[in-house]
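Close look at the chain arrangement
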Amino acid sequence: MAFHFRRLCMSSALLVVVLQILHGVSGQLVVVEDPVSASPPPLVEQDGSDGIVPALFVFGDSLIDNGNNNNIPSFAKANYFPYGIDFNGGPTGRFCNGLTMVDGIAQLLGLPLIPAYSEATGDQVLRGVNYASAAAGILPDTGGNFVGRIPFDQQIHNFETTLNQVASKSGGAVTIADSVARSLFFIGMGSNDYLNNYLMPNFPTRNQYNAQQFGDLLVQQYTNQLTRLYNLGGRKFIVSGLGRMGCIPSILAQGSDGKCSEEVNQLVLPFNTNVKTMITNLNQNLPDAKFIYLDTANMVQDITTNPAVYGFTTLDKGCCGIGRNRGQITCLPFETPCPNREQYLFWDAFHPTEKVNLIMAKKAFAGDRTVAFPINIQELASLN
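Residues numbered from 1 in each chain as written. Predicted model: local features only at pLDDT ≥ 70, side-chain atom pairs only at ≥ 80, totals over all residues. Heavy atoms only, no water.

**Digging into unusual backbone geometry**
Omega for the peptide link from Phe81 to Pro82 comes to 15°, which places this bond in the cis form. Checked against the element boundaries, Pro82 lands in the loop between strand S1 (56–60) and helix H3 (101–108). Backbone torsion omega between Phe373 and Pro374 reads 5°, so that peptide bond is classified as cis. By the secondary structure assignment, Pro374 is in the loop between strand S8 (372–373) and helix H14 (377–382). Although it is not a glycine, Arg326 sits at a positive phi angle of roughly 50°. Note that Arg326 resides in the loop between strand S6 (314–318) and strand S7 (344–346). (Helix = DSSP H or I, 4+ residues; strand = E, 2+ residues; numbered from the N terminus.)

Written out as structure tokens, the structure reads:
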């Protein structure tokens, strides 16, 4: 099947230019004074022993970045209002009005909010670290239009640095090995490899690979990266699939009929199919490893098929943003967002609202095999 993405890509390129202007020329408008001077208070009070698992380690992109891009030279930042408008403490770098999906999962696990790698200090790292970075991808070149970002390979390296730091204080790698093996590793990568690589006009990949070939390339690299985390001691892995990216406001805004782009939806299918196969293979080939897959597309489809059940009225536009579907330019600094955020599926051109994130966290944590398989997060956490 042939895909024709020129029209889809040009708007994304324009978005990058606009972000360059906002974050470069008028940087003083988008950087909130000392936005993360103190870690937000945990939503669950902890005495250090109540968690189901010792720690949660998070790897991914802007869907779960909680501040790692704040202090690097990047156009992919969210440490300004209206981001964080519903978060206790205001903007933190989360690309949302409030909590992310992994924040919700941490709550359900009985853990405090997991600190960003760039901010984690002292004993905080013992309950987990978030290494995610907006614009990051599986491939090292992904997200290059945004300049600074922390690709998955570097996130893994940062995790290794954390392990070395903890081991040096705790009596060596053998001492912490059991805790690492019982901890959970959440990985959500791949969106940017499409949105900020394959679909961008200044990247060569769409001329080099068809949809299946690109999905094969990504998952081959992904397999190697996850195996690295296994070799560093990880044993319990949660791997999130990609949603229906042809239905996000950024893509909807590039059409004229208000319909999802089935070209983009079809484009990412080989990736999800390959990831499921990868998880089966890793479970079979890596001793004591347990990988589970989160079917993000199915979770969101349930919401969009039954919006009234969940209290949603607006499924096709961002709560903040500019242009058609509020998806042509993402949230501007100090823009006034929609007041009825509980009714919106999307917060901005790319990311869901806090309400959606927490619904998905609950589904992933305790859902059936249609959303998490071969087992859900609660079952994974309980394994010895």
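**Some details on the sheet that holds S1**
One open sheet holds the six strands; their spatial order is S2-S1-S3-S4-S5-S8, and the pairing between them is mixed. At either end of the open sheet lies a strand with only one pairing partner, and these are strand S2 (128–130) and S8. (Pairing = 2+ DSSP bridges.)

**A short note on the environment of Ala253**
Relative to the assigned elements, Ala253 resides in the loop between helix H9 (249–252) and helix H10 (262–285). Expressed as a C-alpha distance, the spacing of Ala253 and Arg326, which sit 73 residues apart in the sequence, is 7.5 Å. Ala253 has contacts with Arg324, Asn325, Gly327 and Gln328, leaving out every residue within four places of it along the chain. (Contact = heavy atoms within 4.5 Å.)

**Topic: the pattern of salt bridges**
For the structure shown, the criterion picks out eight salt bridges. For Arg182, the salt bridge identified is with Asp178, shortest N-O distance 2.9 Å. Of this pair, Arg182 and Asp178 both sit in helix H5 (residues 173–182), four residues apart, which is roughly one turn of that helix. The partly exposed category is assigned to Arg182, whose relative accessible area is 37%. For Glu379, the salt bridge identified is with Arg369, shortest N-O distance 3.3 Å. In this pair, Glu379 sits in helix H14 while Arg369 sits in the loop between helix H13 (354–366) and S8, placing the two residues 10 residues apart along the sequence. Owing to a relative accessible area of 31%, Glu379 belongs among the partly exposed residues under this scheme. (Salt bridge = Lys/Arg side-chain N within 4 Å of Asp/Glu carboxyl O. Buried < 20%, exposed > 50% of the residue type's maximum accessible area, 1.4 Å probe, protein only.)

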